[in-house]
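Structure assessment
Chain residues, written in single-letter form:
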Protein chains: 2
Amino acid sequence: MQSNFPEHPPAVVISGIEPAVDGGRYPVKRVVGEPLEVWATVFKDGHDLISVVLLWRREEKGEWSEVPMRDLGNDRWGGEFTPDREGLYEYTVAAWPDREGTWLDEFRKKTAAGEGDLAVEREEGAIWLREASLRARQAGDVVAARDMMQMAMLLPTLDPAEALELMEGEGARALARRWGDRRLLTVPEQAHPLLVESRLAGFSAWYEFFPRNARGDGKTPATLRECTRVLHHAKALGFDVVYLPPVHPIGLSFRKGKNNATTCEPGDIGSPWAIGGEAGGHRDIDPALGTMEDFRGFVEEARALGLETAMDFALQCSPDHPWVREHPEWFHHRPDGSIKYAENPPKKYQDIYPLHFHNANWRGLWQEILDTLLFWCGQGVRVFRVDNPHTKPVAMWEWVLREVRRKFPEAVFLSEAFTRPAMMRHLAKIGFSQSYSYFTWRTGKEELQQYVRELEEWPVRQYMRANFWPNTPDILAYELWNAPPAKFGIRATLAATLMPNWGIYSGYEFVENKPLPPKEEYLDSEKYQLRERDLSAPGITVHISALNAVRRAQPALQERGRVVFGETGHEQVMAYARVGPEGDRLLVVVTLDAENAVECMVTPPLDALGVAPGESFAVEDLLTGETWTWQGGGNYVKLDPTERVAHVFRIVQ
Amino acid sequence: MQSNFPEHPPAVVISGIEPAVDGGRYPVKRVVGEPLEVWATVFKDGHDLISVVLLWRREEKGEWSEVPMRDLGNDRWGGEFTPDREGLYEYTVAAWPDREGTWLDEFRKKTAAGEGDLAVEREEGAIWLREASLRARQAGDVVAARDMMQMAMLLPTLDPAEALELMEGEGARALARRWGDRRLLTVPEQAHPLLVESRLAGFSAWYEFFPRNARGDGKTPATLRECTRVLHHAKALGFDVVYLPPVHPIGLSFRKGKNNATTCEPGDIGSPWAIGGEAGGHRDIDPALGTMEDFRGFVEEARALGLETAMDFALQCSPDHPWVREHPEWFHHRPDGSIKYAENPPKKYQDIYPLHFHNANWRGLWQEILDTLLFWCGQGVRVFRVDNPHTKPVAMWEWVLREVRRKFPEAVFLSEAFTRPAMMRHLAKIGFSQSYSYFTWRTGKEELQQYVRELEEWPVRQYMRANFWPNTPDILAYELWNAPPAKFGIRATLAATLMPNWGIYSGYEFVENKPLPPKEEYLDSEKYQLRERDLSAPGITVHISALNAVRRAQPALQERGRVVFGETGHEQVMAYARVGPEGDRLLVVVTLDAENAVECMVTPPLDALGVAPGESFAVEDLLTGETWTWQGGGNYVKLDPTERVAHVFRIVQ
């Protein structure tokens, strides 16, 4: 029976450590400089006081840092720390019976009750002082050791009031805290992981464009060297990230034609997602775009403008990909000897071979995937947009993202998983920095509010950062079909002010709105051909520049801001407060009606704004500079889409 | 880098297994015969179908049982099993890509789309059939092996429609399910614990009495042999458990006098919680009560009446306890050589020595605690009421309860932890079967409803079974001070119909209501003296008998019943539905006003009762046999405490 004894029975109960994702199985996420507040339920049997600390460290083998936690009442304790660099951290809560504090507490009560000379209690104090002194001496702190030994000698000679004065002094208490008896220290078996990412992971504005279309004349493919004007355009619009569809050689076998035709015409340039050809595969640059040196030059040119380059990482192969010849074992083979192309019966995708991630040589394939990502990190890339990660094993992503981050902890990964919620969330849990979201199809007021609340929910907010895109090269949402500029302005306003991360695919700013019904695809999509585009056209560029400028200036629109919805008297008008980490407050009022002027009363969420009912306050529209006086009740608003689609108010007073 | 590969990368994602207490750290609880429904989020990358099963087994080394789980939509799966004996179980969810099902699904779609002769697909079918046949052969199922080999030979010879007919047949599908390819089986690292207890743990009515007071003449102490009339009394009242305060020798040193006086008079009988004297300690019977044989006789006599005996387990020692001499190391010693008595400054409890659970010989002490419990199990005891468990280490209880259950899995433990919520809940998590609760002080309608909702909440309901006591020897709640019989009837009704577990301390049924102000204690408490009590007095015995009879007859009032509150037009009237596992429905309407008649309209919770708004239904008052016609809207109720305090309606129609 003896063998069943617990090895180190914990003296203190520590439970309910939060935040935690799936009980600590997956990391909570923060960015550099963003504090992590930690709470736990900590208590002990009986009447002893306890000491509770938050422990944290970077990587598994670093030294633990210790922060005292505060007693929040009802056995709940809280503390926080702020990580200052990227990496995988862990944190936990430790506690022990506070022998010295308990002694002082009881001594104080007995002194107040006048219980005699308390000689035995003073001697008990001297005992713990001598023990603490010994610990200090062993740790080399001879001053503390000497001070405590002197106190141990003094204590038995004092009367209770004098003894209490001595031991209640800040000096004695600091020594007790520092050198106290921790023999009954309790630490949970498992620490909780924390992934600290670059600030860009938490706050970013993306601009996607096809470099081959940089000329915009619809005729001549451009090279990476010819993208300067697009980079300046993205910069002028206020974006942080330029995202390029795959820049690798494009397959010829079963190449798709214009508008996704199953056969292509001579001269058709092919979809960049059909990766791999004579000129190479995932580690090569399409010769039509230039050389590896050109690519590095592009990354550097962008960075000089304050733009990070996001590379597309699409794990699929055209039949012409070198892996098909070099590693046939990485693909599914059929009984007739052919390689299995992608299909979702009865649909067939003969231009694409999916990889067989569980093949007998899976380690070889996974290693190649990792090495490919590291290769591009070596070329200066720090941001990856991962294509359809939900069609590859989650376990592979969990492994490969962790391995990349060991060398490049600042790497950012955007998950393009337009799939069911469980998979979408899970990819965020296992390490993707950001996630494409359902925003693209959330267009009504109620469904938008509900979706944002869901994303702000605990614990979703702890691990998933939605990135709001009104469009992508694959998706011209119904909402945007042949829609007027105001509709594009509305969707941009929502994306840019509801979430810290948003993005557009180029052409959006020029209100490109022609679909290929019945699919939500672009007519004459850039995926398969060149398009005319005039970068000097007005479109809604002024509005987008203004949105991005406001985002940069206002912490409330960045990583740590909260969204709180207010009431409006109109089903097409939304109002929401954004509250920043330092109490900075914005109020966004936006119409969803791109056709008609709407007017209604707006009741801002007063609690969130810190405004009393009936109180007046000045607001400044950050998009226009206009100022008004509002009050903590109903306020009249009129939004005429021919003039404006939104107010982004700063609460001035 | 190679060394960082996961050993067995899971092919399927399995997460969010529920129910789970603290992510599976602590067991979910059920009783014998009560089903455990399990849910999990399970999904895989790509389009493959998956197979998902619930695995469960008793004890760590038993064989796993397997139950298929159902697809509930949105990647959520569910399944259940019903444990048929007490013990520690574990359960988990396993899944794998359903290669055979995926093949069939795609074959069906391609056949429907008329995609040629599907020769390659048929050959792929023959391949998995041959592999499955081999698995069957290796497992010794030669019939299945032969059948599948024949199908493998047949399949390539059939046209698609014939092939589909063959493979869609129940025979082929059953073989595929049984012998399918599970090489990519995914099982979570850690299974979840489940504690299956006796039915008594989930449904019980307790009657506490001091055996020494069995005569009830206020003068002569009774022995265990003289308790027969009290046992018959408890039986007549309909209780299941008779709970005795400690039956061990009582200390003489610092013995408390009547009404908790710090000094005792000659002849004072002492508190049974001051355990240990000349005649022994925790394994001995107070000679005044009889012998060990008498005790066994009591347990058997009670059991013959359908009453389990609950023993008090109070881990503290009078200064006269044999452990004080034999194991001085189990106690706290002070610098002056004395043993530290219990205190909570400035309060002193000199008649009690607390144990030092973290002493150097803690294993010896813990083993003795375990052996003591096992000793009493050996005397026939299966129910323990544990005194103040929150003043002893939680780790000790977790260990000792588990060890007792290894030998006596039917043992039931009631935790008397009138302390803060975190500790109260935690003791339930680590293994206590039932918990004393705050019911004793929840007297208003709102606070009662809120408290019951909290106890019914997920996941509290999964691990904590509150036991509702209107009184205890330590607590005569303010609500009951000098209160009339109707108040006692009200509180009994609430306790007995809101929770599957309730209890009273004797005298309650006779409306003993005299306090010792300002404390919520009884005047002339039985803890320190004998009391007069006439077991033939009427009191509210008829009401209590009726309540217990209804509880036994109605599954809705037992372990798996749910509480759903309805609306009443009166702040002193509560109405709640109790819904049983098989859809049986009760409606309780109870007044909280023991002084005045109340009348109001009652709107039952229609959804819970399965009644349409406006629909009429017959109700039968199970306390009186009267019947009425109610309707799914407002119903007039009058409760006059001089006549009745409650209706307990059964929905007849």
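My aim in this report is to walk through the structure given alongside it, one point at a time. (Residues numbered from 1 in each chain as written. Chains lettered and ligands numbered in written order. Predicted model: local features only at pLDDT ≥ 70, side-chain atom pairs only at ≥ 80, totals over all residues. Heavy atoms only, no water.)

**Points about the overall build of chain A**
Of regular secondary structure, chain A possesses 17 helices and 32 strands. When the backbone C-alpha atoms are referred to their principal axes, chain A occupies close to 105 × 70 × 45 Å. Within chain A, buried positions represent 59% of all 653 residues. Residue pairs in contact within chain A that sit at least 24 positions apart in sequence constitute 74% of those at least 6 positions apart. (Helix = DSSP H or I, 4+ residues; strand = E, 2+ residues; numbered from the N terminus. Buried < 20%, exposed > 50% of the residue type's maximum accessible area, 1.4 Å probe, protein only. Contact = heavy atoms within 4.5 Å.)

**So, helix α3 (residues 142–154) of chain A**
The periodicity of an α-helix, 3.6 residues per turn, causes residues three or four positions apart to be oriented the same way. All names here are of chain A. For α3, which comprises 13 residues, the first-to-last C-alpha distance of 18 Å matches the rise-based estimate of 18 Å (1.5 Å per residue) to within 8%. Where α3 is concerned, the buried positions are A144, A145, M148, M151 and A152. Down the axis of α3, the buried set is contained in an arc of 130°. They therefore lie on one face. More than 90 degrees from the buried face of α3, the exposed residues found are V142 and M153. Its buried side turned inward, α3 meets α2 (119–138), α4 (160–168) and α5 (170–179). (Expected span 1.5 Å × (residues − 1). Arc of directions from axis to C-beta.)

**Here we look at the interface of chain A and chain B**
Taken together, the contact between chain A and chain B spans 63 residues of the former and 63 residues of the latter. Taking both sides of the interface into account, the surface hidden between chain A and chain B amounts to around 5400 Å²; carbon and sulfur atoms contribute 62%. The tally of links from chain A across to chain B stands at ten salt bridges. Close ionic contact of A:K348 with B:E115 constitutes a salt bridge, the shortest N to O distance being 2.9 Å. The interface formed by chain A and chain B includes twelve residue pairs in polar contact (both at pLDDT 80 or more). Within the residue set of the side of chain A that touches chain B, elements represented by two or more residues are β1 (13–18), β3 (36–43), α1 (99–112), α2, β14 (342–344), α10 (362–378), α11 (394–407) and α12 (421–429) of chain A. Among the elements that make up the side of chain A that touches chain B, the one with the highest residue count is α11(A) (seven residues). Per-class residue counts for the side of chain A that touches chain B are 26 nonpolar, 13 polar and 24 charged. (Buried area = accessible area lost by both parts, 1.4 Å probe. Salt bridge = Lys/Arg side-chain N within 4 Å of Asp/Glu carboxyl O. Polar contact = N/O pair within 3.5 Å; in protein donor to acceptor, adjacent residues only side chain to side chain. Nonpolar A, V, L, I, M, F, W, Y, C, P; charged D, E, K, R; others polar.)

**Re unusual backbone geometry**
Residues and elements named next belong to chain B. In the segment running from E18 into P19, the intervening peptide bond is cis, with an omega of 0°. Looking at where P19 falls in the secondary structure, it is placed in the loop between β1 (13–18) and β2 (28–31). In this chain, W458 is followed by P459 through a cis amide linkage whose omega measures 0°. With respect to the helices, strands and loops of the structure, P459 is situated in the loop between α13 (445–456) and α14 (460–463). Non-glycine residue D524 carries a positive phi angle of around 55°. Relative to the elements of secondary structure, D524 occurs in the loop between β23 (519–522) and α16 (541–553). Owing to a relative accessible area of 31%, D524 belongs among the partly exposed residues under this scheme.

**Focus: the side chain of B:R382**
Residues and elements named next belong to chain B. With respect to the helices, strands and loops of the structure, R382 is situated in the loop between α10 (362–378) and β17 (383–387). Of the polar contacts made by the side chain of R382, one reaches the backbone oxygen of C377; its length is 2.8 Å. A polar contact of 2.8 Å, which involves the side chain of R382, links it to the side chain of E410. Sequence-distant contacts of R382, that is, excluding residues within four places in its chain, are made with R303, E308, T309, C377, F408, E410, A411 and V412.

**A word on α5(A)**
All names here are of chain A. Within α5 the residues assigned to the buried category are A172, L175, A176 and W179. Looking down the long axis of α5, one finds its buried residues gathered within 100° of arc, a one-sided arrangement. Turned more than 90 degrees away from the buried face of α5 sit E170, R177 and R178, all of them exposed. Taken together, the buried residues of α5 touch α1, α2, α3 and α4.

**Quick notes on the packing of aromatic side chains**
In total, this model carries 74 aromatic pairs over all chains according to the counting rule given. Consider the rings of A:Y207 and A:F209, whose centres lie 6.2 Å apart with planes at 35°: the pair is tilted. In this pair, the class of A:Y207 matches that of A:F209, namely buried. With a centroid separation of 4.3 Å and 5° between ring planes, the pair formed by B:W56 and B:F81 is classed as stacked. With B:W56 in strand β4 (residues 50–58) and B:F81 in strand β7 (residues 76–81), this residue pair connects regions lying 25 residues apart in the sequence. As far as burial versus exposure is concerned, B:W56 and B:F81 are alike and both buried. An aromatic cluster is present here, built from A:W206, A:Y243, A:F418, A:Y436, A:W441 and A:W469 joined pairwise through their rings. Between B:R491 and the ring centre of B:F439, over which it is positioned, the NZ or CZ distance is 4.1 Å. (Phe/Tyr/Trp six-rings, centres within 6.5 Å; stacked < 30°, edge-to-face > 60°. Lys NZ or Arg CZ within 6 Å of the ring centre and 35° of its normal.)

**Description of the relation of the copies chain A and chain B**
Expressed as a screw operation, the relation of chain A to chain B combines 0.0 Å of axial shift with a rotation of 180°, fitting to an RMSD of 0.0 Å. Taken together, the rotation and translation relating the two chain copies correspond to the operation of a two-fold axis. Identified as the residue of chain A closest to the rotation axis by C-alpha distance is A:G23, at 2.9 Å. Both copies present the same face, since 100% of the interface residues in chain A are matched by interface residues at the equivalent positions in chain B. (Least-squares fit on C-alpha atoms with pLDDT ≥ 70 in both.)

**Some details on the pairing of strand β27 (residues 585–591) of chain A**
Every other side chain in a regular strand lies on the same face of the sheet, so the side chains alternate between the two faces. Residue and element names in this part refer to chain A. A large share of β27 lies buried, amounting to seven of its seven residues. Direction of pairing for strand β26 (residues 573–579) relative to β27: antiparallel, over a ladder of seven bridges. Bridge assignment links A575 to a residue of β27, and that residue is V589. Between β26 and β27, which pair antiparallel and follow one another directly, the connecting turn spans five residues, one of which, G583, has a positive phi of 85°. Across five bridges, β27 lies against strand β32 (residues 646–651) in antiparallel orientation. What sits directly across from V588, in β32, is V648. (Pairing = 2+ DSSP bridges.)

**What about the packing of helix α1 (residues 99–112) of chain B against helix α2 (residues 119–138) of chain B?**
All names here are of chain B. Two elements in contact, α1 and α2, have axes separated by 11 Å at closest approach and are oriented at 160°. Classified by the angle between their axes, α1 and α2 sit roughly antiparallel to one another. Taken as a pair, α1 and α2 cross one another with a handedness that is left-handed. Where α1 approaches α2, its residues R99, E100, W103, F107 and K110 are matched on the opposing element by E121, R122, E124, G125, I127, W128, E131 and R135. (Axes fitted to C-alpha atoms, helices over the stretch in contact; angles between N-to-C directions. Parallel < 35°, antiparallel > 145°, perpendicular 65-115°, else oblique. Left-handed = near helix turned anticlockwise from the far one by under 90°.)

**Remarks on the environment of A:P322**
Its location among the elements puts A:P322 in helix α9 (residues 322–326). Sequence-distant contacts of A:P322, defined by excluding residues within four places in its chain, comprise A:G277, A:G280 and A:G281.

**A look at the nonpolar core**
Soluble, globular proteins show a tendency: their nonpolar side chains are buried together. Ranked by internal contacts, the top residues of the largest apolar core, which has 159 residues, are A:V42, A:Y91, A:F295, A:W397, A:F468, A:L494 and A:W502. Among residues more than four places away in sequence, those in contact with A:V42 are A:V12, A:V13, A:I14, A:I50, A:V52, A:D75, A:W77, A:V93 and A:A95. Formed by 158 residues, the second largest nonpolar core is a distinct cluster that contains B:L194, B:V299, B:I339 and B:I430. (Core = buried A, V, L, I, M, F, W, Y, C linked by side-chain atoms within 4.5 Å.)

**What to know about the sheet that holds β3(A)**
Within a beta sheet, neighbouring strands are joined by backbone hydrogen bonds and run either parallel or antiparallel to one another. Residues and elements named next belong to chain A. The strand order β1-β3-β7-β6 describes an open sheet built from four strands, whose pairing is antiparallel. What marks the edges here is a single partner per strand, and that holds for β1 and β6 (70–73). Strand-to-strand twist of the sheet, defined as the mean angle between neighbouring strand axes without regard to direction, takes the value 30°. Pairing between β6 and strand β7 (residues 76–81): three bridges, direction antiparallel. If you follow R70 over to β7, its bridge partner there is G78.

**Digging into the sheet that holds strand β25 (residues 567–568) of chain B**
Residue and element names in this part refer to chain B. Spatially, three strands are ordered β25-β28-β31 in an open sheet, and the strand pairing comes out antiparallel. The sheet is open, and its two borders are formed by β25 and β31 (635–639), each paired with just one other strand. Of the strand pairs in this sheet, β25 and strand β28 (residues 598–603) are connected by two bridges, and their pairing is antiparallel. When the sheet's bridge partners are listed, T568 is paired in β28 with V602.

Purely geometric stuff here, so don't read any function into it on its own.
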